[in-house]
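Results of the structural survey
Each chain is listed here by its residues.
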Amino acid sequence: MGTLPRLIATDLDGTLLRADRTVSARTAATLERMSAAGTHVVAVTGRPVRWLAGVFEQLKAPLPAVCANGAVVYDPVGDEILRADPLAPDLLAEVVRRLRAEIPDVMFAVEIEDGRRMLHEAAWPTLWEDGDPSIRLVDLPDDLLTAPAVKLLARATAHQDPDAFVRLVAGALAGVAEATHSSRSGLVEISAAGVTKAAGLAWLCTRYGVTADEVVAFGDMPNDVPMLTWAGTAVAVANAHPAVREIADRVTLSHEEDGVAAYLERLLADADRD
């Protein structure tokens, strides 16, 4: 028997979403049941704001979201940015200077306008983003540094082990900015010092009057570790990175097996028996 948590915080890619970026009908229904029972459900993601609509259209209602690894708190109902904590242009310039000195072949992109637009250098691989009007190639590298950025993205042109590359970047930026990753490739996500998923979620929880011990959080990658460490109950999906599994209180099924839904269904069943 048990009582439902006051807030569920879930990562999206690799956690709530399947590999094809879909939300299963089972997962959507379970989130709706949690909301109907009075539990806040929040998406906490590395994604920028512009990448949320495709997820929320698969749900009965959009979720409040902590985006860009904690740099943005977003209300999708009113399309309103509740809080933003970007890297200022002078800090961006210092971060880029340090990384170019440490990793000469590094290339950059920035998320600006609270994550509604992205700018990138010519060498940056846009992959599925080709043709997106919110994404623009800059003429000169310094053009990336003219506006506050909620996230700076760094890649090396040569293949890099993601864990080794983030350690290299974090070492170069110690005390200046946060460096993490949520990718199986050598992509590092950089935020202002102190900006993490935990910090963004804590701010939103204060707004709701929810304390950390009343939160159950789900994740799969190193950028989830601060949030999972902060939350009262940390749940890793079975496909999670070893760093996540190491600090998790519980492990559920993989994202392909609707691990978040499976865990929440047990909580709902326990509450029904209470």
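This report concerns the structure included in the present document. Bear in mind the structure is a predicted one, so any value in this text is a computation, not a measurement. (Residues numbered from 1 in each chain as written. Predicted model: local features only at pLDDT ≥ 70, side-chain atom pairs only at ≥ 80, totals over all residues. Heavy atoms only, no water.)

So, the sheet that holds strand 9 (residues 149-156)
One open sheet accounts for six strands, arranged 8-7-6-9-11-10; its pairing is mixed. Bordering the open sheet on either side are strand 8 (135-137) and strand 10 (177-180), each of which pairs with just one other strand. Between one strand axis and the next, the sheet turns through 25 degrees on average, direction left out of account. For strand 10 and strand 11 (residues 187-192), the ladder comprises four bridges, and the chain directions are antiparallel. Each residue of the ladder has a partner; that of E178, found in strand 11, is S191. Along the sheet face, helix 4 (residues 89-102) touches strand 6 (106-112), strand 9, strand 10 and strand 11 and points at about 160 degrees away from the line of strand 6. (Pairing = 2+ DSSP bridges. Helix = DSSP H or I, 4+ residues; strand = E, 2+ residues; numbered from the N terminus. Axes fitted to C-alpha atoms, helices over the stretch in contact; angles between N-to-C directions. Contact = heavy atoms within 4.5 Å.)

Side note on the environment of E94
Among the structural elements, E94 can be located in helix 4. According to the relative accessible area criterion, E94 is partly exposed, its value standing at 25%. Linking E94 and T252, residues 158 residues apart in sequence, is a C-alpha distance of 41 Å. (Buried < 20%, exposed > 50% of the residue type's maximum accessible area, 1.4 Å probe, protein only.)

Considering the side chain of E189
Mapped onto the elements, E189 comes out in strand 11. A polar contact of 3.1 Å, which involves the side chain of E189, links it to the side chain of K151. In this view, E189 contacts G46, N69, K151, L152, L153, E178, A179, T180, H181, S182 and N223; residues no more than four positions away in its chain are not counted. (Polar contact = N/O pair within 3.5 Å; in protein donor to acceptor, adjacent residues only side chain to side chain.)

Points about the packing of helix 2 (residues 25-36) against helix 9 (residues 259-273)
Running from N to C, helix 2 and helix 9 point in directions that differ by 40 degrees, and their axes come no closer than 10 Å. Our pair here, helix 2 against helix 9, has a crossing hand that is left-handed. Facing helix 2, whose interface residues are R26, T27, T30, L31, R33 and M34, helix 9 presents A261, A262, L264, E265, L268 and D272. (Left-handed = near helix turned anticlockwise from the far one by under 90°.)

Considering the packing of aromatic side chains
Inspection of every chain in the model, using the stated rule, returns one aromatic pair. Directly above the aromatic system of W124 lies the positively charged group of R155, at a separation of 5.2 Å from the ring centroid. (Phe/Tyr/Trp six-rings, centres within 6.5 Å; stacked < 30°, edge-to-face > 60°. Lys NZ or Arg CZ within 6 Å of the ring centre and 35° of its normal.)

A short note on the nonpolar core
L99, L152, I190 and L264 are the most contacted members of the largest nonpolar core, which totals 61 residues. Setting aside its immediate chain neighbours within four residues, I190 contacts L87, V95, L99, K151, L152, A154, V169, L173, A177, E178 and A179. In terms of nonpolar packing, the next biggest core, distinct from the first, is built from 21 residues, V210, A217, L228 and A236 among them. (Core = buried A, V, L, I, M, F, W, Y, C linked by side-chain atoms within 4.5 Å.)

Some words on the layout of surface pockets
Of the volumes computed, that of the second largest pocket is approximately 230 Å³. Going through the elements one at a time, helix 2 and strand 2 (40-44) are the ones with two or more residues in the lining of the second largest pocket. The leading source of residues in the lining of the second largest pocket is helix 2, at four residues. Partitioned by chemical class, the residues of the lining of the second largest pocket number 11 nonpolar, two polar and three charged. (1 Å grid on protein atoms, 1.4 Å probe; cavity = no way out; pocket = protein on both sides within 12 Å on 5 of 7 lines; lining within 4 Å. Points joined across faces, edges and corners; volume = space filled by probe spheres on them. Nonpolar A, V, L, I, M, F, W, Y, C, P; charged D, E, K, R; others polar.)

Observations regarding the packing of helix 4 against helix 5 (residues 162-172)
Helix 5 packs onto helix 4 with a crossing angle of 125 degrees between their chain directions and a minimal axis gap of 9 Å. Classified by the angle their axes make, helix 4 and helix 5 are oblique. The hand of the helix 4/helix 5 crossing is right-handed. Contact residues: R98, L99 and E102 in helix 4; L168, V169 and A172 in helix 5. Class assignment for the residues of the contact of helix 4 with helix 5 results in four nonpolar, no polar and two charged. (Parallel < 35°, antiparallel > 145°, perpendicular 65-115°, else oblique.)

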